[in-house]
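# Observations on the model geometry
One letter stands for each residue in the lines below.
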Amino acid sequence: MDSLYLAWRYLAFNKLRTATLVICVTLIAILPLALQVLLAESERQLLARAGSTPLLLGARGSALDLAMNALYFADETPELISMAADEAIATSGLAMPIPLYVRFQARRFPIVGTTLDYFGFRGLRIAQGRQLALLGECVIGADVAERLGIGVGDSLLSSPEALFDLAGVYPLKMQVVGVLARAHSADDRAVFVDLKTAWVVQGLVHGHEDVTRGEDSSVIIDRTQDNVVASARLVEYTEITADNIDSFHFHGSPDSYPLSAMIVVPNDDKAGTLLRGRYLGSEPPYQLAVPKTVIEGLLATIFRIKEVLDAVILIVAVATVLALVLVFALSLRLRQREIQTVFHIGGSRSTIARLLAAEIVIILLAAALLCALGITVMQPFSDELVRVLFIA
Amino acid sequence: MIRIETLTFSYPGAEFTLNVPDFRIEPQEKVAVIGPSGSGKTTLLNLVAGILVPQQGRVLCADTEVSALDDPARRAFRISNIGFVFQDFELLDYLNVLDNIIHPYRISSALQLNVDVRTRASELARQMDIGDKLRRRVDHLSQGEKQRVAICRALLPQPDLVLADEATGNLDPRNKGQILGLLFDSVAAHGATLLAVTHDHELLPHFDRVVDFNDFRSDAP
Amino acid sequence: MRGKTRSAHCLQVLLVLGLMMTAPLLQAADRLVVYTVNYPLQYFAQRIAGDYAEVVFPAPADVDPAFWQPDAATIAAYQQADLVLLNGAGYAKWVGRVSLPRSRLVHTAAGLAADYIETTGTVTHSHGREGSHSHAGTAFTTWLDFRQAAVQANAIREAISRLRPQYADVFAANANALESDLLALDTRMQAIVSAAPDTPLLASHPVYQYLARRYDLNLEAVMWEPHTLPDAGQWLAFERLLKDHPAGWMLWEGDPLQESIDRLQQHGVQSIVFDPCGNAPGEGDFLEIMSTNLRRLDRVFRSNDSGGVFQQGIE
């Protein structure tokens, strides 16, 4: 106890040195721990989301891109499929399809075009306002509302796909009609719209004045008995209102309209197996992926990388320990007078050794405390950190 | 109290050799040792304290042949029976006055720190007129106050022998007399023997005996 | 012993009474909520489901359901329903502009998609010479072909039975009865027309395409409204049509203006109301309205010349 007291007094007197040592040790200890916490949380989040999604249908290609876009609304849009795939699942009688079109953004938040079935499937609840009803409306996640400071009654503009795409579609001004309760998932940072509204954002569905009855010849290239060809001068509505909603219409066959992915919810295990069998061959241009398997593969890769990181951290830790040993050795030199006093008074080498050991113990305890504190403080924010650092 | 018999000591690799044929100090005697720098005065104190061991001869302190003890025994003997007062005080800046005074009790298992010791430390400090500064850090004290702390530290274990190596060397003239007076009073109050090394000839009359180091043969550079 | 028997009796009576009182409550909790986009589907669904479903068609009585736009509250009610019955063939344009839970939608005419009738006279548009066309019109009064109506009714039966399989037998029995009624209408209609096939007829509005196809009616349509007097241009077009299609009768969706009737009579054309019954009738039900329609048509085909007289109101 006397050694601890003397060590404590010495460390308290040399605050800067002590703080530096404690911080060094804390950092070396907390890095692998924090990494472990974050990886555990990312594993939990990724697997929870993937595990609750039975099947994903998408274009053949990277199953990981498909899963990341469909489950976590990652920026990379996989190759697109069409509504025909959705119709095929719906008419099979084996599963419920939930189409997704995740391609566009609104102020850096993903716009998720889907159907109302998605909300029931994910257990999402409206906290403010109401559910989607009309074309052009959106329901936003809790994070979107918080970060943009918007709520029910406000509007949100879709972002152009390319910054200087002058020939691209105009941004759509969407009306916020609802805010979702916090779901602690990727849904918190999504802007949900009806699938048809997502097609409006793309320009596949649009509204404009009726050119078949219009008098303005500058917007008409050609007119026959059956068809009027409109020019690019025809202005399309960039906001859907009660006055112009009736003018919004489709061009082309709805079966050809694009989707980025589809959640497939089989009626039962047998139905799921049958469906997977249908899409196993190379003939269908689609793949039916099991998200849990895809994400487990991703996690295996992450953990292999983690092992490498652990080795690197270990090397850094060894270097740090050596540096700390050097610091202590140098400090012994600086404390030669104190040591000599101890010897003169009647202390021994073991007295000095005990003093040093006590200092090391206190530093380690302080670092351990800071570590524990840091991990405890980090824990409640780990889900948010994982989303920001790894998934978003 | 102290008896040195036919002592020879030299540092390894050095040309300096200290020869002390016969030297005695009686109990409760206050003896001053004078001599030129490098003549071995501090070495003598270290030999008496058992910090150094002579190559030849004996050092006896209160009937204990200190020179014959092993290192742990010499340290235990030293901390329990000998108080050291240094020229540059050798206090620990990171401890307060009280902690410096009781420092010997924290670094050796030969001494037991308890309430009685703390009480005596406080009383010693009060006698030295630093009783109101117990909680103050020593680097906030004046030179004279620091030496008082050092004297308290030396006397707290109630040693039979006090060794003072240029105890007033770093003090101003006004403090020198004060400190020396306090040292003499404390030593007398504890019934201890004092062996002091000093350059200051003005202080010599206060001692019972003055030993000139030139009386001891040494081959100093 | 007697006392014990009496107590047991009392308990049994109480139990039965309790069950009788809670049965309606249990049934109420078990009742499906079904929303439809027009009256015929509501009629079919209610006949099939009986007390096991509350079937709602919320459009106001004075609107054409094909062009009605429900408000947000009504859309929310549709979203909460256990089933939403859609007609198909482009009926209820509002469905394409709102969000409904896809898993609970029933496209009652999905099995008839290959037989939809594309309407003529619709002008489409495209954007740029290479752009795809907007959709041409599709005739949507599918139920006026009573055989198609039976197909739609069967789709309703299947959907309701999937949600309440324990009552599938009840639904099947009810659906069979409805089908019998619809096929009886079909048979009767065929018999009516066979009395004078190829009789030229006019329609005030193009809403009888499936009726005309199924029963081989020689029918041409103009674009008139019952409550609006046709303008000069419309009369001119009518007269040109009458030259090539000398019809003696015009079918109206609803009661026309007397002035329209009189002017038509001047052209030798009589008027009858053939109510498509897209919305709920003020009196009677779908079957009664169709029976009335058929009675009126019967008079048309029996009177081979223009000697028949229109009588206002439903007989």
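Procedures and definitions
- Residues numbered from 1 in each chain as written.
- Chains lettered and ligands numbered in written order.
- Predicted model: local features only at pLDDT ≥ 70, side-chain atom pairs only at ≥ 80, totals over all residues.
- Heavy atoms only, no water.
- Contact = heavy atoms within 4.5 Å.
- Buried area = accessible area lost by both parts, 1.4 Å probe.
- Polar contact = N/O pair within 3.5 Å; in protein donor to acceptor, adjacent residues only side chain to side chain.
- Helix = DSSP H or I, 4+ residues; strand = E, 2+ residues; numbered from the N terminus.
- Nonpolar A, V, L, I, M, F, W, Y, C, P; charged D, E, K, R; others polar.
- Patch = residues over 30% accessible without salt bridge, like charges linked within 9 Å, V, L, I, M, F, W, Y side chains within 5 Å.
- Areas by Shrake-Rupley, 256 points an atom, 1.4 Å probe, with all protein chains shown as cover.
- Salt bridge = Lys/Arg side-chain N within 4 Å of Asp/Glu carboxyl O.
- pLDDT = per-residue confidence, 0-100.
- Buried < 20%, exposed > 50% of the residue type's maximum accessible area, 1.4 Å probe, protein only.
- Pairing = 2+ DSSP bridges.

What follows covers the interface of chain B and chain A. Listed per partner, the contact involves 24 residues of chain B and 20 residues of chain A. Interface area for chain B against chain A, summed over the two sides, is near 2,000 Å², with a carbon-plus-sulfur share of 60%. Inspection of the region where chain B meets chain A yields nine residue pairs in polar contact (both at pLDDT 80 or more). Secondary-structure elements contributing two or more residues to the side of chain B that touches chain A are helix H2 (71–81) and helix H4 (103–107) of chain B. It is H4 of chain B that provides the largest number of residues to the side of chain B that touches chain A, a total of five residues. Looking at the side of chain B that touches chain A, its residues break down into 12 nonpolar, two polar and 10 charged.

Further remarks concern a nonpolar patch on the surface. Residue and element names in this part refer to chain A. Side chains of Leu370, Leu373, Val377, Phe381, Leu385, Val388 and Leu389 sit close together on the surface and give an oily, nonpolar patch of about 630 Å² of accessible area. Mapped onto the nonpolar patch, the elements with two or more residues apiece are helix H11 (349–378) and helix H12 (382–391). As for its placement among the helices and strands, leucine 385 is situated in helix H12.

What follows concerns the confidence of the model for chain B. Averaged over every residue, the pLDDT of chain B is 85; the share at 70 or more is 97%. Of all the helices and strands in chain B, helix H7 (residues 173–190) of chain B carries the lowest mean pLDDT, 82, while helix H3 (residues 97–101) of chain B carries the highest, 94.

Tracing the backbone shows serine 108 of chain B in the loop between H4 and helix H5 (115–127). Here alanine 110 of chain B takes part through its backbone nitrogen, which lies 3.1 Å from a polar atom of the side chain of serine 108 of chain B.

A few words now on the pairing of strand S3 (residues 95–106) of chain A. Residues and elements named next belong to chain A. Of all 12 residues in S3, nine are buried, a share of seventy percent or more. Of the strand pairs in this sheet, S3 and strand S15 (residues 261–266) are connected by six bridges, and their pairing is antiparallel. Bridge assignment links methionine 96 to a residue of S15, and that residue is valine 265. Judged from the four bridges that link them, S3 and strand S4 (residues 109–114) form a sheet pairing that is antiparallel. Within S4, the residue paired with valine 102 across the bridge is valine 112. Count of turn residues in the S3/S4 antiparallel hairpin: two residues, of which arginine 107 carries a positive phi of about 50 degrees.

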